[in-house]
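Observations on the three-dimensional arrangement
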Amino acid sequence: QVQLVESGGGLVQAGGSLRLSCLASGRTSSNRAMGWVRQGPGKEREFVAGISWRGSITFYADSVKGRFTLSRDNGKNTMYLQMNSLTADDTAVYYCAAGPTSGRMITTAKDYSVWGQGTQVTVSS
């Protein structure tokens, strides 16, 4: 099965930027839609951004639209989330996620079927 490993999280001041990476390994050629989901302290999982398998279609939650940019490099089996203009509300564990092998575009957290371990993003005031 495909395995997902996130990296790039850390502590950043409000207004700063971070770039998260998600490396996929194992059986990766499955035409999976991918994306990012986050969970802040005491909050439910929240869909952040999704991308189609081919990478040309992206969808962003209203809370991050215009600040976050999602991309993927299938040759490197890597997905990236560039996060700019970060605020304290962005503090959360960010999970890389993948959908089923059908490749269907995903725009809600519950439709992802494979998850990484998460990487912590903390935005200080």
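Residues numbered from 1 in each chain as written. Predicted model: local features only at pLDDT ≥ 70, side-chain atom pairs only at ≥ 80, totals over all residues. Heavy atoms only, no water.

With that out of the way, let us pick up the overall build of the protein chain. When helices and strands are tallied, the protein chain shows zero helices and eleven strands. Reading the secondary structure of the protein chain in the N-to-C direction produces β-β-β-β-β-β-β-β-β-β-β. Relative to the globule expectation of 14 Å for 125 residues, the C-alpha radius of gyration of the protein chain, 13 Å, shows essentially globular dimensions. The principal-axis extents of the C-alpha atoms in the protein chain amount to approximately 40 × 25 × 25 Å. The proportion of buried residues among the 125 residues of the protein chain is 44%. Taking as baseline every contact in the protein chain between residues at least 6 positions apart, the subset at least 24 positions apart corresponds to 60%. Accessible area for the protein chain stands at about 6400 Å²; split by element, carbon and sulfur atoms hold 47% of it. Computed over 13 positive and 8 negative side-chain charges, the inter-centroid distance for the protein chain is 8 Å. (Helix = DSSP H or I, 4+ residues; strand = E, 2+ residues; numbered from the N terminus. Rg over C-alpha atoms; globule rule 2.2 N^0.38 Å. Buried < 20%, exposed > 50% of the residue type's maximum accessible area, 1.4 Å probe, protein only. Contact = heavy atoms within 4.5 Å. Areas by Shrake-Rupley, 256 points an atom, 1.4 Å probe, with all protein chains shown as cover. Lys, Arg positive; Asp, Glu negative; His and termini not counted. Charge placed at Lys NZ, Arg CZ, Asp CG, Glu CD.)

In the structure shown here, the tally under the stated rule is five salt bridges. Between aspartate 90 and arginine 67 there is a salt bridge; the shortest N-O distance is 2.8 Å. Placement of aspartate 90 in the loop between β8 (78-83) and β9 (92-98) and of arginine 67 in the loop between β6 (58-60) and β7 (68-73) is noted, with a sequence separation of 23 residues between them. Accessibility classification places aspartate 90 together with arginine 67 in one group, the buried group. Several salt bridges share partner residues, and in doing so they unite Arg38, Glu46, Arg67 and Asp90 into one network. (Salt bridge = Lys/Arg side-chain N within 4 Å of Asp/Glu carboxyl O.)

Turning to the pairing of β7, a few remarks are in order. Here β7 shows a buried face lined by Phe68, Leu70 and Arg72 and an unburied face lined by Thr69, Ser71 and Asp73. Where β7 and β8 come together, six bridges link them in antiparallel fashion. Its bridge partner being in β8, arginine 72 is matched across the sheet by methionine 79. Linking two consecutive strands that pair antiparallel, namely β7 and β8, is a turn of four residues; a positive phi of about 55 degrees is found at asparagine 77 within it. (Pairing = 2+ DSSP bridges.)

Attention now moves to the state of the cysteines. Each disulfide consists of a covalent bond between the sulfur atoms of two cysteine residues. Scanning the entire structure with this criterion turns up one disulfide. A sulfur-sulfur distance of 1.9 Å marks the disulfide that ties cysteine 22 to cysteine 96. Disulfide cysteine 22-cysteine 96: torsion about the S-S bond near -70 degrees, hence left-handed. Here cysteine 96 lies in strand β9 and cysteine 22 lies in strand β3 (residues 18-25), a separation of 74 residues in the sequence. Across the pair, exposure class does not vary: cysteine 22 and cysteine 96 are buried alike. (Disulfide = S-S within 2.5 Å.)

This part covers the sheet that holds β7. Taken together, four strands build an open sheet; the order of strands is β1-β3-β8-β7 and the sheet is antiparallel. On the outer flanks of this sheet lie β1 (3-7) and β7, each paired with one strand and no other. Within this sheet the neighbouring strands show an average axis-to-axis angle of 15 degrees, counted without direction. One ladder, built from five bridges, connects β1 with β3; its direction is antiparallel. Along β3, the bridge assignment pairs valine 5 with leucine 23. (Axes fitted to C-alpha atoms, helices over the stretch in contact; angles between N-to-C directions.)

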